[in-house]
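Observations on the three-dimensional arrangement
What follows is each chain in one-letter form.
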Amino acid sequence: MKAFKMFAVLMLTVMIMAAPALAKDTIKIGAILAVTGPAAFLGAPEAKTLEMMVDEINKKGGIKGSKVELIIKDSGASPEKALSFAKQLIEEDKVFAIIGPSTSGETMKIKGVAEEAKTILMSCAAAEVIVNPVAKYVFKTPQMDKHAVIKIFQQMKEMKLTKAGVLSSNTGFGKAGKEQIEKLAPEHGIQIVANEVYDSKATDLTAEVTKVKAAGAEAIINWSIEPAQSIVIKNARQIGFKGQIFQSHGFGNIKYVEAAGEAAEGVIFPAGRLLIADVLPKNDPQKAVLVKYKKDYESKFKEEASTFGGHAYDAMIILTKAIEKAGKADKEAVRNAIEGLKGVVGTGGVFNFSAQDHNGLDINAFEMLTVKKGKFVPLATPSKKEGSPKKK
Amino acid sequence: MNIELLSQYLVAGITYGTIYAIVAIGFNIIYNATGIINFAQGEFVMLGGMIAVSLHSFMPLPAAILAAVLVAMIIGALIEIIFIRWLVSPSVLRMIIITIGISIFIREAALHVWGEAVRALPYFTGTEVTVISVGDVHISPQVLWVTGISALMVIILTFFFNYTLLGRQMRACSANRDAARLCGISAKNMVTLSFVLSAGIGALAGCVVSPITYVQYDSGTGLAIKGFTVAILGGLGNSTAAIAAGLILGILESFSVWVMPAAFKDVVSISILLLILFVRPSGIFGSVEASRLKEF
Amino acid sequence: MRSRYAPILFFSAVVIAVQLLTFTTDRQQYLTQLTMTGYYSLVIVGLCMLMGYAGQISLGHAGFFAIGGYVSAFLTTYDLMQHKANPLIGLFSRAGLIVTVQDLYGGDALVFHPWAACIAAILVTVLISYVIGGPVLKLKGHYLAMATLGFGTIVYKIVIGTSFFGAADGLSDIPGFKLLPGLEVSGKTPVRIQNYYISWGMVALAMLLLTNLIHSRAGKALRAIHSAEDAANAMGVNTGRYKLNIFVLSAVFAAVGGVFLTHYNGGIGPSEASIMKSVRYVAIVAIGGMANLWGALSMGIILNFFSLRGYFGSYDDAVFGVILILIMLFAPEGLLRREVFQGAKKWLSGRRKTEGQKA
């Protein structure tokens, strides 16, 4: 008996000593996402995407032989929770990097924390102020709002429209878009005849669109990221607005098209190519990645892939490639590696980072899409090579 | 402001005002029978829409709506039986907090069952873009459905309360509970019935308005506040006044967009609520003495 | 007499013990959530006074927290450079109320000093709570509940709809609050222990204040109002004035909590003003025992701490909703009542007591 006890104690000690060694072999990645709450349409697909990707990575043996451990915290789009979780993930779980948060407001709260703790933050939020001024450890994967706005203005010019009625929601996304629109309109010859901000939870926007129509708008530009997008275009068509309707890249989820039904026909908006992955020409650099992500996501979760989940995908891909390039999961080395990454094919576009550019996407990340018969189709024929990667 | 703008605002105001009025009537029915304000009233509207959408995937539309209303009624009865029935002389404060808790519970349950996505029933007639145009004014046929069905509900309720035995029993109960019990009316069952009715009309309203406004797991809260505002505005317990009050609130809210940023639309309705509470809590149409006599 | 301060001393001892424990077991990171919990506790004890001792429910107290937080956040980050020429600005500048700081891009910005902002926040809160409190407290029952709910919602809608309050993103990059030379309220790791003590020091101070209040003449008047308002009125107690003063006091507590937490977090968002937050505070006061300051404080510590650490996951709001229902159904006077403790004592000592006998 005594021998057995000695043996058990020995085994236990070995296991305990081995445990830290095992633990060192995993790469811990934290994710702060708004899985529930007012931004759940962002956070839920992002969380699902990350889980799916980590499963796949681990099945293939991990990154450079180390398994990835994903720790997801649900912030409910609440900045104080995001802050609390950020500190927890960094100090207790000692994560290597944090993916997220889903909203700009939360990201701005933890930007300082990540920077102080020298932990890489790959944000899935769109605000420009996340990467400008540049913080050494903070990156973002969604495209730049100003490129989306420029694409819309370019389209308007082609269609000979100059008078725009602007509607935006009171979220950070809406505010950022509104600012870019107001800033860039004069140099593109666009006149803003009406400018309305509505509550993101609004259920009826007839009054707002009526005001815009009465002001003589030839085109309506709506900038929001929640279900109100569908309500706007429905109300606009119902009051008899016959002009062109533009949406932001927040429209990138087929659920919004379904919700708006017939009113969505003919709406034009800039988006990442994920939504038209199937009709891209074979030689499009993004096609393989997009088709695979779409197929995997849809077969696993039985719902349509959206561009929001794609931002999380891009974050993970960039981290993975950077770790592989740096050779080990060292924060400083990987951070440097990210800045040196060029030509990384993601769902949002093809990324080219630098020390000044912590977003990596330019205007070519966007493709103009429209809705025909309830489906997303490209506006121009995709053979018009707009998505060529920059060769440096 | 031209005629077109005016009419569009008016139509939007009437549409929403009707829905607020229906929620207010739901409040009033329960209040009349029990003296409780049921904070979970808005959730019934949300449940009606959500359940109908789920059922619609394998049932034709009218059947789905009917089934959803029935399910909501059952849920209403269950809530009353599980949470309210066995309480002995609860204080007002306690009841308020319980119904708030119930409302949160239903909302979170809805979140975990249906997710965060918005849902809508298809338009009853036509599609998202069909409109009936009268001159420069464009109305979606769904708006007519909303006002029509709401009016129908009000007529049926009036008939129920005035001409059927059960309805009159309910009114007896709310007027004087002890006297009603002496007459052999089961007060407890009347309370359950009031919950069932409120849940039913709330759910039907939710079904009929969902094509226009979509329902989401948290659509209920905002409606509850507005419904309460309307109920107070018309005088708590007074359902006919609630209809007028609902239309007033809906129209005021709609026209407010003309003068202030749309993001503050809700601030307008709540300010009206606070104003009424401060100045004349018995409501525009209520009698000040009568409201002082009520126990609550 | 002195026994009434014993709980506070005991409490302070616990606070110090916990900090030392985290130091020795290398769990210093818990200090962050503990500090945040401390500031939320200020709101809770203030609300407990209002609900328990003055008997007034408030479903909008998160609104006052947000008013405090947002006013100080706004004043300490809004760049007044463009109004430099304004004589008022010059006056404030000379008085030391306005200072020059570095903005995001390295340029200069003129903002209010955190002390000035804090005082301003408190003054604004006092003003608003007096103005709102007067009419609101004349209401009873449902009307009172709805009025406070409406107030909270208005604050929420205003902060989420106004762009210079940051709209849905809230305000960030709030500077630290230098209370005294060497003592700064901010989230930076080196001053973590300091901040823990600042936070819990304020809670201890608050408890001291409230304990004194409860045992003073005003406190007795409040208890009279709570049990039987009309009788109290008949005895000459000016119920309206007492209720209003407690309302304002609890609002100020909440606002101070808001100011300090905003500086600690370095930011604030509209979620701090949401109805769910208000409901959460009410749930905590209810479960702790409506008129039980220490009960509310303890439950607040436990629940807020767990919530901040994410133990409730995505069921966070649901937990508080369920708590509300269960407590109100089964234990409307709260869990940590004196009767519960006395009952437990009796049971443990094995003695059976009938009514009317002294324990």
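Since this is a predicted model, take the numbers as computed values, not measurements.

**With respect to the sheet that holds strand S5 (residues 138–140) of chain A**
All names here are of chain A. Spatial strand order, S2-S1-S3-S4-S5: five strands in an open sheet with parallel pairing. The sheet is open, and its two edges are formed by strand S2 (68–74) and S5, each paired on a single side. For this sheet the average axis-to-axis angle between neighbouring strands, irrespective of direction, equals 20°. Across three bridges, strand S3 (residues 97–99) lies against strand S4 (residues 120–123) in parallel orientation. When the sheet's bridge partners are listed, Ile98 is paired in S4 with Leu121. Sheet strands in contact with helix H4 (residues 104–116) are strand S1 (27–33), S4 and S5, and its direction is about 160° off that of S4.

**Structural notes on the pairing of strand S14 (residues 375–378) of chain A**
A regular strand places its side chains on the two faces of the sheet in alternate fashion. All names here are of chain A. The alternating pattern of S14 places Phe376 and Pro378 on a buried face and Lys375 and Val377 on a face that is not buried. Relative to S14, strand S13 (residues 367–372) runs antiparallel, the two sharing four bridges. When the bridges of S14 are listed, Val371 appears paired with Phe376.

**Side note on unusual backbone geometry**
Residue and element names in this part refer to chain A. Going from Gly100 to Pro101, the amide bond is cis rather than trans, its omega being -5°. Relative to the helices and strands, Pro101 is located in the loop between S3 and H4. For the bond from Asn132 to Pro133, the omega torsion is 15°, close enough to zero to count as cis. Relative to the elements of secondary structure, Pro133 occurs in the loop between S4 and S5. Backbone geometry at Lys64 places phi at a positive 50°, although glycine is not the residue there. Within the secondary structure, Lys64 sits in the loop between helix H2 (40–59) and S2.

**Observations regarding the interface of chain C and chain B**
Opposite the 37 residues of chain C that make contact, chain B presents 38 residues. Across the interface of chain C and chain B, roughly 3,400 Å² is buried in total on both sides, 83% from carbon and sulfur atoms. Sorting the residues of chain C by area buried against chain B places C:His142, C:Tyr143 and C:Met146 first, and these three jointly supply 24% of that buried surface. Taken together, the connections running from chain C to chain B amount to one salt bridge. Connecting chain C to chain B are two residue pairs in polar contact (both at pLDDT 80 or more). Elements that contribute at least two residues to the side of chain C that touches chain B include exactly helix H5 (114–137), helix H6 (141–161), helix H11 (275–288) and helix H13 (316–330) of chain C. Ranked by the residues each element gives to the side of chain C that touches chain B, the list is headed by H6(C), at 14 residues. Here the side of chain C that touches chain B is composed, by residue class, of 27 nonpolar, eight polar and two charged.

Definitions and cut-offs
- Residues numbered from 1 in each chain as written.
- Chains lettered and ligands numbered in written order.
- Predicted model: local features only at pLDDT ≥ 70, side-chain atom pairs only at ≥ 80, totals over all residues.
- Heavy atoms only, no water.
- Pairing = 2+ DSSP bridges.
- Helix = DSSP H or I, 4+ residues; strand = E, 2+ residues; numbered from the N terminus.
- Axes fitted to C-alpha atoms, helices over the stretch in contact; angles between N-to-C directions.
- Contact = heavy atoms within 4.5 Å.
- Buried < 20%, exposed > 50% of the residue type's maximum accessible area, 1.4 Å probe, protein only.
- Buried area = accessible area lost by both parts, 1.4 Å probe.
- Salt bridge = Lys/Arg side-chain N within 4 Å of Asp/Glu carboxyl O.
- Polar contact = N/O pair within 3.5 Å; in protein donor to acceptor, adjacent residues only side chain to side chain.
- Nonpolar A, V, L, I, M, F, W, Y, C, P; charged D, E, K, R; others polar.

What is shown is where atoms sit, not what they do.
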